[in-house]
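In case you want the letters, here they are:
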Amino acid sequence: QVQLVESGGGLVQTGGSLRLSCAASGRTFSSYAMGWFRQAPGKEREFVAAISRGGITTYYADSVKGRFTISRDNAKNTVYLQMNSLKPEDTAVYYCGVRTGLATMSRQAYDYWGQGTQVTVSS
């Protein structure tokens, strides 16, 4: 139904910034709320940020609030994650996903994951 491709990850020093993109294919992108999750080695995939279908409502994990910004451009079928003031603990593979359930911050509410993009923050 929808395919997602993340990009924009890389290696950055503490305090630096990265902008992740999630490009979606499909005919009904604007019908889906979207979210970003991340997974560090040995850890479970955790919620980072979410955005409503129209891009008006956003949600953030406490660990990234004030540093990360999620946005979307439905005309371009793309969701973004602007990451500022990066810390070593932000190091993880970042995934975007389509929310198909009701719990905005729950992994179980999302499906159609992308392949992920690696973010590494050096200390």
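Look a little higher up for the structure.
Please read these numbers as outputs of a predicted model, since none were measured by experiment. (Residues numbered from 1 in each chain as written. Predicted model: local features only at pLDDT ≥ 70, side-chain atom pairs only at ≥ 80, totals over all residues. Heavy atoms only, no water.)

**A look at the overall build of the protein**
Inclusion rule: What counts as a helix is a DSSP run of H or I of at least four residues, what counts as a strand is a run of E of at least two, and both are numbered from the N terminus. Our radius of gyration looks at C-alpha atoms and nothing else; its globule reference is 2.2 Å times the residue count to the power 0.38. The criterion used for residue contact is that any of the two residues' heavy atoms lie within 4.5 Å.
Each helix and strand in the protein was counted, giving zero helices and eleven strands. Along the protein, helices (α) and strands (β) appear in the sequence β-β-β-β-β-β-β-β-β-β-β when read from the amino end. Scaling as 2.2 N^0.38, a compact globule of 123 residues should have a C-alpha radius of gyration of about 14 Å, and the protein matches this with 13 Å. In the protein, 55% of the contacts between residues at least 6 apart in sequence involve partners at least 24 apart.

**Observations concerning the sheet that holds strand β1 (residues 3–7)**
Within a sheet, adjacent strands bond to each other through the backbone by hydrogen bonds, running parallel or antiparallel. Rules: Strand pairing is assigned whenever DSSP detects at least two bridges linking the two strands. To obtain each axis, a line is fitted to C-alpha atoms, and for helices this fit is confined to the stretch in contact; angles are then taken between N-to-C directions over 0 to 180 degrees.
Taken in spatial order, the four strands make up an open sheet running β1-β3-β8-β7, and their pairing is antiparallel. The open sheet terminates on both sides in strands that have one partner only, identified here as β1 and β7 (68–73). Each strand of the sheet is rotated relative to its neighbour by a mean of 15°, with strand direction disregarded. The sheet contact formed by β7 and strand β8 (residues 78–83) spans six bridges and is antiparallel. Within the sheet, the bridge partner assigned to Ser71 lies in β8 and is Tyr80.

**Section: the nonpolar core**
Worth spelling out the cut-off: Throughout, nonpolar core names a set of buried Ala, Val, Leu, Ile, Met, Phe, Trp, Tyr and Cys residues whose side chains join them through atoms within 4.5 Å. For every residue, the accessible area (1.4 Å probe, protein chains only) is compared with the maximum for its type, and the residue is labelled buried under 20%, exposed over 50%, or partly exposed between those bounds.
Among the nonpolar cores identified, the biggest contains 34 residues, and Met34, Trp36, Leu81, Met83 and Tyr94 are the most heavily contacted of them. Going through the elements one at a time, β3 (18–25), β4 (33–39), β5 (46–51), β7, β8, β9 (92–99) and β11 (117–122) are the ones with two or more residues in this core. Residue contributions to this core peak at five residues, all from β5.

**Describing the environment of Gln82**
Definition in use: As used in this structure description, the phrase polar contact means that two N or O atoms lie within 3.5 Å; if the pair is within protein, one of them must be able to donate a hydrogen and the other to accept it, and residues adjacent in sequence are counted only when both atoms belong to side chains.
Here Gln82 shows up in strand β8. In the structure, Gln82 is positioned 61 residues away from Ser21 in sequence and 8.8 Å away in space, judged by C-alpha atoms. Residue contacts for Gln82: discarding those within four places in its chain leaves Ser17, Leu18, Arg19, Arg67, Phe68 and Thr69. Only 3.0 Å separates the side chain of Gln82 from the side chain of Asn84, close enough to count as a polar contact.

**Thoughts on the packing of aromatic side chains**
Heads up, the rule is: Ring geometry is summarised as follows: Phe, Tyr and Trp rings, the Trp one being its six-membered ring, pair when their centres sit within 6.5 Å, and such pairs are stacked at plane angles under 30 degrees, edge-to-face over 60 and tilted between the two.
Summed over the entire model, instances satisfying the criterion amount to four aromatic pairs. Geometrically, the ring pair formed by Phe37 and Tyr110 is edge-to-face, given 4.9 Å between the ring centres and 70° between the ring planes. Of the two residues, Phe37 sits in strand β4 while Tyr110 sits in strand β10 (residues 110–111), which places them 73 residues apart along the sequence. Across the pair, Tyr110 and Phe37 agree in class, each one buried.

**Some thoughts on the environment of Ala23**
Note on placement: Ala23 falls in strand β3. For Ala23, a relative accessible area of 37% corresponds to the partly exposed category. Along the primary structure Ala23 and Ser85 are separated by 62 residues, whereas in three dimensions their C-alpha atoms are 24 Å apart. Once residues lying within four places of it in the same chain are set aside, the contact partners of Ala23 are Gln3, Leu4, Val5, Asn77 and Thr78.

**Focus on the side chain of Asp90**
Turning to its location among the elements, Asp90 is positioned in the loop between β8 and β9. Within the structure, the side chain of Asp90 is placed 2.7 Å from the side chain of Arg67, a separation counted as a polar contact. Ignoring anything within four residues of it in the chain, the contact list for Asp90 reads Arg38, Arg67, Phe68, Ser85, Val119 and Val121.

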